[in-house]
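Residues per chain, in single letters:
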Amino acid sequence: MAKVRILPDRVANQIAAGEVIERPAAVVKELVENSLDAGATRIDVEFRHGGRALMRVEDNGAGMARDDALLALERHATSKIAAAADLDHLASYGFRGEALPSIASVSRFELQTRESGSDAGTEILVNGGRLVHVRDCGRPVGTRIEVSHLFNSVPARRKFLKSDQTEAAHIVHCVRLYALACPRTAFTLIEDGRIVFRSPECSTLAERVAEIFGRQLAEAVVPIEAAEPGLRLSGLVGRPGVGRTTRHEMIVFVNARPVDSRTLNYALIESYHESLPKGRYPLAFLFFECDPALVDVNVHPAKREVRFRSEAQVRGFVIRSVLQRLRELTPGAAREDLGEVHAEKPAPASPPVIPVGLVETRRVEPPPAAVVVPGRAHGAMPHVVTQAPVGTAPARERPPASGALPPAVVPAWRFVGLAHGSYVLFETAAGVVLLDRRAAHERVWFERLREQFRAGTVPSQRLLLPVPVELDAIAAAVLLERLDFLQAHGFEIREFGRNFFRVEALPAWMEPGDAEPFLRDLVGAFREGTVSGRNLDLAREELARLAVAKAVRLPPPGGETEMRALVAQLFATRSPLTNPAGRPTYIELNHGELSRRFQK
Ligand code: ADP
Ligand code: MG
């Protein structure tokens, strides 16, 4: 490995210095980056108690000579650059020479390292920034750094740490990012003695994704490859229609560095504008490469953010490339199609079997051919009739049982027609009303589900073919904690091997094909704390909200009878004016407003 040198003050000052260690994951990040910079082909990371108690990173990289190792603990000591201009052709993750001294100043820091060619290794122990000892040690070529008692000497810092679970999630996410960036390096990640993932050297990114995120996710993405002079894009992007409620799985790299790039994130979201429903984020593992001179990595203390010299050029390139790929995947997708989602395959005409690993989601109304009606092939479904979607047929009209108000409250609106399958026009005494079918349907179902959840009477359907769901380790842990809650609300889910689950029964209102994406959304909501276990009523309400937004399907519109039934059901709810997200269910234009608009 190159010699470690202290940067001249002039150079050091030109580099945005700053506190890099804000939480345990930052330590892991710096150590893993150093291991990769040292050319490691194997990196083992272990931590305990969210990193508070211990973080250990061991590599088989080049190692350091004793003098270099001692020098590396000084501020601005680095072997990676010698002058500020070197930043323009940076080929390493590190360059500031700040990480090791910063970490060592706020922890008990033990470094063991051996260079090839030297007989003995060196062990250096630093406690709270004070050198305790330097001595020989036996170890294979490479470096091991153990950090414990993080922030013990800085209680103010310790107070800011979140729960072990949260800190652990950050560490896991961080190691994943580098494992994705370097598929050829073998990675092991161990939390509290348990393996989070262990991935041998992989020859492709897709393999690595499957290793650490699971096969199911790997099947939801497709390779992308594009180039324009001086710019290159590669990696994996989600199939059209496959999205997430959070950005956790929208991951971008610039010249192999995992970054938070607004430019790239927005370009991605924009590219999926027509391929995903509103509010959902694309899945992506996207590698953007360009001349290092065109990107500034030195704008954030933890180097998380980057800036491009030409944001517009990068943005345009990414959008063009991703759109092009999405178009290839959406053969004959009619642009005038009003749907927000272009699923790759049309929905099957009858849904007898749910293909394993089916990941496409259709959130908009299915075409009439795909309408699921009672009497479908899988399983006896005794609840289908009473739980039939609103307004599928007059025989099944049934306002929600509880909280039903006397019919007199139902407004006397005269049905006029339906526009775009979505908006129902009524003539009223005061003028006209435009009802948003989906919003109304969501309100009706929200109250129905909330009632069922409260009463503990969620009709459940057993699946002939259990739906497999593979999750990452943290999501799996989160789900495991909530299995009882879900069970009480119509889901029967069994753990079936590490991070692998089988959904064996579902609430009767849910299509089996929607189970997997819905569960992912739900686990996302658990993780974000939007459906928390503290207050059961609130949790139920959130569950119902999520269900109507994501999983309860809108039936085909039908005609006058169905639309009038929908109005009756809407006005039997407690809050007919809004959908569960607070948007209006209808708008009314009275005579006055109409005259004004027509300038009469
Ligand atoms: P930087 O990475 O910005 O150079 P660090 O403080 O992270 O600064 O590391 C200082 C120096 O210590 C590095 O430049 C490198 O020479 C050496 N070093 C750190 N970690 C390792 C490692 N795991 N293997 C070999 N050398 C290392
Ligand atoms: Mg470093």
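What you see is a predicted model; the values in this text were computed from it and never measured. (Residues numbered from 1 in each chain as written. Chains lettered and ligands numbered in written order. Predicted model: local features only at pLDDT ≥ 70, side-chain atom pairs only at ≥ 80, totals over all residues. Heavy atoms only, no water.)

## Some thoughts on the site of ligand 1
Near ligand 1 lie 22 residues; those nearest to it are Asn34, Thr78, Ser79, Lys80 and Gly97. For ligand 1, an oxygen atom lies 2.6 Å from a polar atom in the side chain of serine 79. A distance of 2.7 Å is found between an oxygen atom of ligand 1 and a side-chain nitrogen or oxygen belonging to lysine 80. With the chains in place, 98% of the 520 Å² that ligand 1 exposes on its own is no longer accessible. Given that more than half its atoms are within 2 Å of the pocket grid, ligand 1 belongs to the largest cavity. Going through the elements one at a time, helix H2 (24–37), strand S4 (77–78) and helix H4 (99–105) are the ones with two or more residues in the shell around ligand 1. (Near = heavy atom within 4 Å. Polar contact = N/O pair within 3.5 Å; in protein donor to acceptor, adjacent residues only side chain to side chain. Areas by Shrake-Rupley, 256 points an atom, 1.4 Å probe, with all protein chains shown as cover. 1 Å grid on protein atoms, 1.4 Å probe; cavity = no way out; pocket = protein on both sides within 12 Å on 5 of 7 lines; lining within 4 Å. Sits in = over half its atoms within 2 Å of the grid points. Helix = DSSP H or I, 4+ residues; strand = E, 2+ residues; numbered from the N terminus.)

## Quick word on helix H15 (residues 560–571)
The end-to-end C-alpha distance of H15, which contains 12 residues, comes to 17 Å, matching closely the 16 Å that a straight helix rising 1.5 Å per residue would cover. Burial in H15 covers these residues: Glu562, Met563, Ala565, Leu566, Val567, Gln569, Leu570 and Phe571. Looking at the buried residues of H15, the elements they touch are strand S20 (414–419), strand S21 (423–428), strand S22 (431–436), helix H11 (437–455) and strand S26 (586–590). (Expected span 1.5 Å × (residues − 1). Buried < 20%, exposed > 50% of the residue type's maximum accessible area, 1.4 Å probe, protein only. Contact = heavy atoms within 4.5 Å.)

## With respect to the packing of H11 against helix H14 (residues 536–550)
Two numbers describe a pair of packed helices, the interaxial angle and the distance between the axes. Running from amino to carboxyl end, H11 crosses H14 at an angle of 145 degrees, the nearest separation of the two axes being 9 Å. You can see that H11 and H14 cross each other, and the crossing is right-handed. Where H11 abuts H14, its residues Arg438, Glu442, Trp445, Phe446, Leu449, Arg450, Phe453 and Arg454 lie against Asp537, Arg540, Glu541, Leu543, Ala544, Arg545, Ala547, Val548 and Ala549. Here the contact of H11 with H14 is built from residues that sort into 9 nonpolar, no polar and 8 charged. (Axes fitted to C-alpha atoms, helices over the stretch in contact; angles between N-to-C directions. Left-handed = near helix turned anticlockwise from the far one by under 90°. Nonpolar A, V, L, I, M, F, W, Y, C, P; charged D, E, K, R; others polar.)

## Quick look at empty space enclosed by the protein
All told, the structure shown has 9 cavities of 30 Å³ or more when counted by the stated rule. In this structure, the largest cavity occupies an estimated 450 Å³ of space. Looking at the largest cavity, it is lined by 31 residues, and the ones nearest its centre are Asn34, Met64, Ala72, Lys80 and Leu100. Secondary structure elements with two or more residues in the lining of the largest cavity: H2, strand S3 (54–59), S4, H4 and strand S8 (142–148). (Points joined across faces, edges and corners; volume = space filled by probe spheres on them.)

## Re helix H6 (residues 164–181)
Here H6 is 18 residues long and its end C-alpha atoms lie 26 Å apart, about the 26 Å a rise of 1.5 Å per residue gives. Within the sequence span of H6, burial applies to Glu167, Ala168, Ile171, Val172, Cys174, Val175, Arg176, Leu177, Tyr178, Ala179, Leu180 and Ala181.

## Points about a nonpolar patch on the surface
A cluster of nonpolar residues, Val416, Tyr423, Leu425, Leu434 and Ile587, forms a patch on the protein surface that exposes about 400 Å² of accessible area. Within the element layout of this structure, leucine 425 appears in strand S21. Exposure remark for leucine 425: the relative accessible area of 31% places this residue in the partly exposed category. (Patch = residues over 30% accessible without salt bridge, like charges linked within 9 Å, V, L, I, M, F, W, Y side chains within 5 Å. Salt bridge = Lys/Arg side-chain N within 4 Å of Asp/Glu carboxyl O.)

## Re the side chain of aspartate 521
Among the structural elements, aspartate 521 can be located in helix H13 (residues 512–528). Those residues in contact with aspartate 521 that lie beyond four places of it in its chain are Thr245, Arg280, Leu546 and Lys550.

## Description of the nonpolar core
Judged by nonpolar contacts, the single largest core of 101 residues is most densely connected at Phe109, Phe285 and Trp509. For this core, the element with the most residues is H6, which contributes 10 residues. When neighbours within four sequence positions are excluded, tryptophan 509 is seen to be in contact with Trp445, Leu449, Gln452, Phe453, Val458, Ala547, Ala551 and Val552. Ranked by size, the runner-up nonpolar core spans 34 residues in total, among them Leu87, Ile224, Met250 and Leu268. (Core = buried A, V, L, I, M, F, W, Y, C linked by side-chain atoms within 4.5 Å.)

## Regarding the packing of H2 against H6
For the pair H2 and H6, the least separation of the axes is 8 Å and the interaxial angle reads 20 degrees. In this view, H2 runs roughly parallel relative to H6, as classed from their interaxial angle. Pair H2 / H6 crosses with right-handed handedness. Here Pro24, Ala25, Val28, Lys29, Val32, Glu33 and Leu36 of H2 come into contact with H6, specifically with Glu167, His170, Ile171, Cys174, Val175 and Tyr178. Counted by class, the contact of H2 with H6 contains 9 nonpolar, 1 polar and 3 charged residues. (Parallel < 35°, antiparallel > 145°, perpendicular 65-115°, else oblique.)

## Things to note about the sheet that holds strand S15 (residues 257–259)
The strand order S11-S12-S17-S14-S15 describes an open sheet built from 5 strands, whose pairing is mixed. With one partner strand each, in any of the chains shown, strand S11 (221–228) and S15 form the two edges of the open sheet. Each strand of the sheet is rotated relative to its neighbour by a mean of 20 degrees, with strand direction disregarded. Of the pairings in the sheet, the one linking strand S12 (residues 231–238) to strand S17 (residues 284–290) comprises 7 bridges and is antiparallel in character. What sits directly across from arginine 232, in S17, is glutamate 289. (Pairing = 2+ DSSP bridges.)

## Quick notes on the packing of aromatic side chains
Summed over all chains, the structure comprises 12 aromatic pairs. Ring centres of phenylalanine 485 and phenylalanine 526 lie 6.4 Å apart, and the angle between their planes is 75 degrees; on these two criteria the pair is classed as edge-to-face. With phenylalanine 485 in helix H12 (residues 473–487) and phenylalanine 526 in helix H13, the pair connects residues that are 41 residues apart, well separated along the chain. One aromatic cluster in this structure is built from Trp413, Phe415, Phe426, Phe571 and Tyr586. When the ring centre of phenylalanine 213 is taken as reference, the NZ or CZ atom of arginine 176 above it lies at 4.3 Å. Between arginine 482 and the ring centre of phenylalanine 526, over which it is positioned, the NZ or CZ distance is 4.7 Å. (Phe/Tyr/Trp six-rings, centres within 6.5 Å; stacked < 30°, edge-to-face > 60°. Lys NZ or Arg CZ within 6 Å of the ring centre and 35° of its normal.)

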